[in-house]
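Below are the chains, spelled out letter by letter.
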Amino acid sequence: MAKSRSQSKSKSKSKAGPITVARLKRAIEGRKALALAGFHADDAVVLVIDRDNPPSKPSNLEGKSAISAYFEDICGRDMTHKVENGIAVGNRLAFTQSCAYPNGTKVFCSAMLELKGGKIVRQTVVQAWDG
């Protein structure tokens, strides 16, 4: 018998637990916006530093709603994501990822996460784009 959508969702929620490098890698490489947002605490903050958001004025995403919209945008793009390195020690997790658009444009990202109670409470993303 096929599972209904609500049964599948409730089953995936039961797998929820503390964030790990492996779980993060699966969500990033699988472009799973809902899972990525779910790793964050309700009052989490994500700072994004890049060409358009320099260190003196980073993009500051506050709360689950803003963070969810960010991941929906990123995961909805036609591009690949590959987590290359990741490490978790104590209440910190860091990783690097390389991304590529079909036209060959590449993006490199380095991120540092602060964890509390198994959830991300603060994430700083530094990303560089081709051209």
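The structure contained in this document is the topic of the report that follows. (Residues numbered from 1 in each chain as written. Predicted model: local features only at pLDDT ≥ 70, side-chain atom pairs only at ≥ 80, totals over all residues. Heavy atoms only, no water.)

Right, let's talk about the overall build of the protein for a bit. Secondary structure assignment for the protein yields four helices and six strands. When the helices and strands of the protein are read in sequence order from the N terminus, they spell out α-α-α-β-β-α-β-β-β-β. Counting over 131 residues, the protein shows a buried share of 34%. Of the accessible surface of the protein, which amounts to about 8100 Å², a share of 55% is contributed by carbon and sulfur atoms. (Helix = DSSP H or I, 4+ residues; strand = E, 2+ residues; numbered from the N terminus. Buried < 20%, exposed > 50% of the residue type's maximum accessible area, 1.4 Å probe, protein only. Areas by Shrake-Rupley, 256 points an atom, 1.4 Å probe, with all protein chains shown as cover.)

In this structure the tally under the stated criterion is zero disulfides. Considering cysteine sulfurs only, C109 is the nearest to C99, which forms no disulfide, with 6.8 Å between them. Its relative accessible area of 9% is what places C99 among the buried residues. (Disulfide = S-S within 2.5 Å.)

Once that is clear, we can look at the environment of I87. If you trace the backbone, I87 turns up in strand 3 (residues 80-89). Owing to a relative accessible area of 52%, I87 belongs among the exposed residues under this scheme. Once the C-alpha coordinates of I87 and M112 are considered, the two residues, 25 residues apart in sequence, prove to be 9.8 Å apart. Here I87 is in contact with V21, R92, L93 and A94, once residues within four sequence places are set aside. (Contact = heavy atoms within 4.5 Å.)

This part covers the pattern of salt bridges. Taken as a whole and judged by the stated rule, the model has five salt bridges. When the shortest N-O distance is used, the salt bridge between E29 and K25 registers 2.8 Å. Placement of the pair is E29 and K25 together in helix 2 (residues 21-29), with a separation of four residues, close to one helical turn. Given the relative accessible area of 31%, E29 is considered partly exposed. Taking relative accessible area as the criterion, K25 reaches 29% and is therefore assigned partly exposed. Here E114 and R92 are joined by a salt bridge, their closest N and O atoms 3.9 Å apart. Of this pair, E114 sits in strand 5 (residues 106-116) while R92 sits in strand 4 (residues 92-100), placing them 22 residues apart in sequence. Judged by relative accessible area, E114 falls into the partly exposed class, the value being 29%. (Salt bridge = Lys/Arg side-chain N within 4 Å of Asp/Glu carboxyl O.)

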